[in-house]
Protein chains: 2
Amino acid sequence: MAKVSMREVADRAGVSVGTVSHVVNGSSKVAEATAAKVNAAIEELGFVRNAAARQLRSGHSSSLGLVVLDTSNPFFASVAHGARQACDEAGLALLIGDSGTDEQREGKYLDLFAEQRVNGLLVTPTGSDLSRLESIAARGTPVMLVDRDSNGYALSSVTVDNIAGGRMALDHIIAGGCRRPAFIGGPQSLPQVADRLAGATERALEAGLELPVHSTPELTILAGRDAGEKVVGLPADQRPDAVFCANDLLAVGFMQAVIMFSDLSIPDDIAILGYDDIDYAFSTIVPMTSVRQPAALLGRTAVETLLQENASASDAHHDRRFTPELVVRGSTRPV
Amino acid sequence: MAKVSMREVADRAGVSVGTVSHVVNGSSKVAEATAAKVNAAIEELGFVRNAAARQLRSGHSSSLGLVVLDTSNPFFASVAHGARQACDEAGLALLIGDSGTDEQREGKYLDLFAEQRVNGLLVTPTGSDLSRLESIAARGTPVMLVDRDSNGYALSSVTVDNIAGGRMALDHIIAGGCRRPAFIGGPQSLPQVADRLAGATERALEAGLELPVHSTPELTILAGRDAGEKVVGLPADQRPDAVFCANDLLAVGFMQAVIMFSDLSIPDDIAILGYDDIDYAFSTIVPMTSVRQPAALLGRTAVETLLQENASASDAHHDRRFTPELVVRGSTRPV
DNA sequence: CAACATGATTGAAACGTTTCAATCAGATGT
DNA sequence: ACATCTGATTGAAACGTTTCAATCATGTTG
């Protein structure tokens, strides 16, 4: 039975509940002798303070809520990991919700977190309408968008520049001497995918090149393999000499198809470039060149920025944007 | 400001707080007209009930705590995923802690969860001394060990039979006609690794074979690659014709080494068998044969069993053990 | 020795729900 | 018209803390 309250500790130690509270929280000077007695009583009775009562009285919860699109995606797993670390350091609990890109599930988690009176909300929203989040923020719960622009809405955000990432990828491909790049990825309804493509296209045009798109239904290894199978089947004069994949899973699948279904050499006949730099990316047969997103840092920064804004009491919104970083390995031609 | 309470809703609707509570929870018949008035008031004022007060009064929290060794390990990620789904279905919140195999961090999460008065605890303990968990269970919070035997302790557990898994692996290797198997894995301080090896050794001996062990410091792709590099460097008459790797990450690394540093064909010259059957396992160049652990099911079952035990009020402990399943793909010789 | 500062301790009021016995207003049966 | 019953509503206590003004000892100062 975890039914021992401060009342009983107080009785046992021959002292008042107020005093017990003070020694538990160090909120006020307590004589050493009394503190010892109280601690002894706590030990004997196995007292653990009740978070609910504590929070009810003090009005806030010392916890943060995080809602991501898919926890089994390595990128979001890293984001969550970084966020959790930051929370641990700040002595906060982190509640994690997985929306599975379902707006309804996202809503359920927002409700749940609202009832918990979380100190703040970190969200990668599924839909494009952020008005609910905006009104939550307006009602006093700080909201931080993660990997999603606040554009227009009165919300703070922490993102990685996908347009720059796209440019970076094509930059490298072009510098390696490739003249027939292609983009593999989809669906384009994902802002992340669309932006990477936009940046890449922009850079290609500057070099006087086209950037044909091979659409995929999702961002998985299998989808990448399918795309790869099609691409290597193209006649040599239509086949790209470099592909930029919207994420690493696609790139891994694409690479497999190239190896299984063709004799093309990587990177000489065809260069492959991924995005995210997930842990498995460097462990492909031909180590993968990739645009690294600082996923864990994203999560950590989201938490830290939110806490800062919370503390500063000014309700200004910040948009923190990271720049991705190209990690060159063997799957693309050296410059 | 989320500072609107039932009191204000009640005033607004011209009704008592009790009634508001009833309509919010459906705990008692309320006339349709009154309910409508109350709901209108709730809507207008933007009332969200306060979980802390609710829990304080009702005494329990409708949440579960999960502490795993490492959330970035795909196996535990799946376990967590399964657990979360089961919790969602039961209307429970799932708090996740990541101990990072650090006993102190594990303890911190146990403290935190105790303060939250979670309805139950799912733990993959780091150390071998489970007495703390035992006393938590004795104090009334149901505890479920995940992927860890309860042996001796008065605790429930949900596990996958690692000894059977080890036997299964060797069974398949032997049936494929291999006569010189080897085990790749470590550290042996992990019960999971030790048990897999034990089962495999047992089966090998039955077939009159030895099972040499190539120890690895950890269960990662890189460690597997290092091991593979050494193994393919052995003279042909000492080289194994089949390796059983303690998990898939090792197996993936091992396969890479074989392909990069030798001309051996997989599976004819050397068969490779992994463990876990993580999502990335089937997407290796030569698709990986692996011993599948029902990770998500493990998490789900842990939650469900815990809830059942909770409901049944009898404090009997159950040990639920799953049997793993061999998934045969191209990296081993067909039978 | 009185007055006072200092530090430790106490008591009681809140926090926002749930819950349950008690009340109330109608409807039903006699 | 009276008693009875039913279903809807209410009021107030309780949950376990925190917090703050008030009290209580002690030692210090004029």
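Residues numbered from 1 in each chain as written. Chains lettered and ligands numbered in written order. Predicted model: local features only at pLDDT ≥ 70, side-chain atom pairs only at ≥ 80, totals over all residues. Heavy atoms only, no water.

What to know about the protein's contact with DNA strand D
A:Ser21, A:Phe47, A:Arg54, B:Thr19 and B:Thr34 are the nearest of the 24 residues found near DNA strand D. Counting only atoms of DNA strand D within 4 Å of the protein, the fraction found in sugar and phosphate groups is 66%. Residue A:Asn25 places a side-chain N or O atom 3.1 Å away from a phosphate oxygen belonging to DNA strand D. Contact distances for DNA strand D include 3.0 Å between a base nitrogen and a side-chain N or O atom of B:Arg57. Counting only elements with at least two residues in the surface near DNA strand D, the list comes to α2 (17-25) and α4 (51-58) of chain A together with α2 (17-25) and α4 (51-58) of chain B. In terms of residue count, the dominant contributor to the surface near DNA strand D is α2(A) (4 residues). By residue class, the composition of the surface near DNA strand D is 8 nonpolar, 11 polar and 5 charged. (Near = heavy atom within 4 Å. Polar contact = N/O pair within 3.5 Å; in protein donor to acceptor, adjacent residues only side chain to side chain. Helix = DSSP H or I, 4+ residues; strand = E, 2+ residues; numbered from the N terminus. Nonpolar A, V, L, I, M, F, W, Y, C, P; charged D, E, K, R; others polar.)

Structural notes on the domain arrangement of chain A
Residue and element names in this part refer to chain A. Its domain assignment divides chain A into domain 1 (6-49), domain 2 (61-161 + 295-323) and domain 3 (162-293). With 8 residues of domain 2 at the contact, the number on the domain 3 side is 11 residues. Of the roughly 920 Å² buried where domain 2 meets domain 3, counting both sides, 52% is carbon and sulfur surface. One can count 6 residue pairs in polar contact (both at pLDDT 80 or more) joining domain 2 with domain 3. For the side of domain 2 that touches domain 3, a count of residues per class yields 4 nonpolar, 1 polar and 3 charged. (Domains from an automatic or database assignment. Contact = heavy atoms within 4.5 Å. Buried area = accessible area lost by both parts, 1.4 Å probe.)

A few points about empty space enclosed by the protein
Summed over all chains, the structure comprises 6 cavities of 30 Å³ or more. If you trace the largest cavity, you find 21 residues lining it, with A:Ser283, A:Thr284, B:Val252, B:Ser283 and B:Thr284 closest to the centre. Breaking the lining of the largest cavity down by element, the ones donating at least two residues are α11 (248-261) of chain A together with α11 (248-261) of chain B. Here the second largest cavity defines a volume of roughly 180 Å³. As for the second largest cavity, its lining consists of 13 residues, and the residues nearest its centre are A:Thr71, A:Ala77, A:Arg84, B:Thr71 and B:Arg84. Of all elements in the fold, only α5 (74-90) of chain A together with α5 (74-90) of chain B reach the threshold of two or more residues within the lining of the second largest cavity. Here the lining of the second largest cavity takes 4 residues from α5(A), the largest share from any one element. Residues that form the lining of the second largest cavity fall into these classes: 6 nonpolar, 5 polar and 2 charged. (1 Å grid on protein atoms, 1.4 Å probe; cavity = no way out; pocket = protein on both sides within 12 Å on 5 of 7 lines; lining within 4 Å. Points joined across faces, edges and corners; volume = space filled by probe spheres on them.)

Quick notes on the pairing of strand β3 (residues 120-123) of chain B
Residues and elements named next belong to chain B. Residue alternation in β3 divides its side chains into two sets, Gly120 and Leu122 and Leu121 and Val123, and both sets are buried. Two strands pair when backbone bridges link them, and strand β1 (residues 63-68) and β3 are joined in this way by 4 bridges, in the parallel orientation. Looking across to β3, one finds that Leu64 is bridged to Gly120. Inspection of the sheet shows β3 paired to strand β4 (residues 143-146) by 3 bridges, in the parallel sense. When the bridges of β4 are listed, Val123 appears paired with Leu145. This β-α-β element, β3 to helix α7 (residues 131-138) to β4, shows right-handed connectivity. (Buried < 20%, exposed > 50% of the residue type's maximum accessible area, 1.4 Å probe, protein only. Pairing = 2+ DSSP bridges. Right-handed = clockwise from strand over helix to strand, strands pointing away.)

As for the state of the cysteines
Residue and element names in this part refer to chain A. Within the structure shown, the criterion is met by 0 disulfides over all chains. In this model Cys178 remains outside any disulfide bridge; the closest cysteine sulfur is found in Cys245, 13 Å from its own. Accessibility expressed as a relative area gives 2% for Cys178, which makes it buried. (Disulfide = S-S within 2.5 Å.)

Section: the protein's contact with DNA strand C
In the vicinity of DNA strand C lie 24 residues, with A:Thr19, A:Thr34, B:Ser21, B:Phe47 and B:Arg54 positioned nearest. Taking B:Arg57, its side chain carries an N or O atom lying 2.8 Å from a base oxygen of DNA strand C. Secondary structure elements with two or more residues in the surface near DNA strand C: α2 and α4 of chain A together with α2 and α4 of chain B. Broken down by element, the surface near DNA strand C gets its largest block of residues, 4 residues, from α2(B). Grouping the constituent residues of the surface near DNA strand C by class yields 8 nonpolar, 11 polar and 5 charged.

Some details on the relation of the copies chain A and chain B
Under the fitted operation, chain A is carried onto chain B by 0.1 Å of movement along the axis and a turn of 180 degrees, and the coordinates agree to an RMSD of 0.1 Å. When the rotation and shift are considered jointly, the pair of chain copies conforms to a two-fold rotation axis. Minimal C-alpha separation from the rotation axis in chain A is found for A:Ala52, amounting to 2.3 Å. Taken as a fraction of all interface residues of chain A, those also at the interface in chain B reach 100%, which identifies the copy contact as same-surface. (Least-squares fit on C-alpha atoms with pLDDT ≥ 70 in both.)

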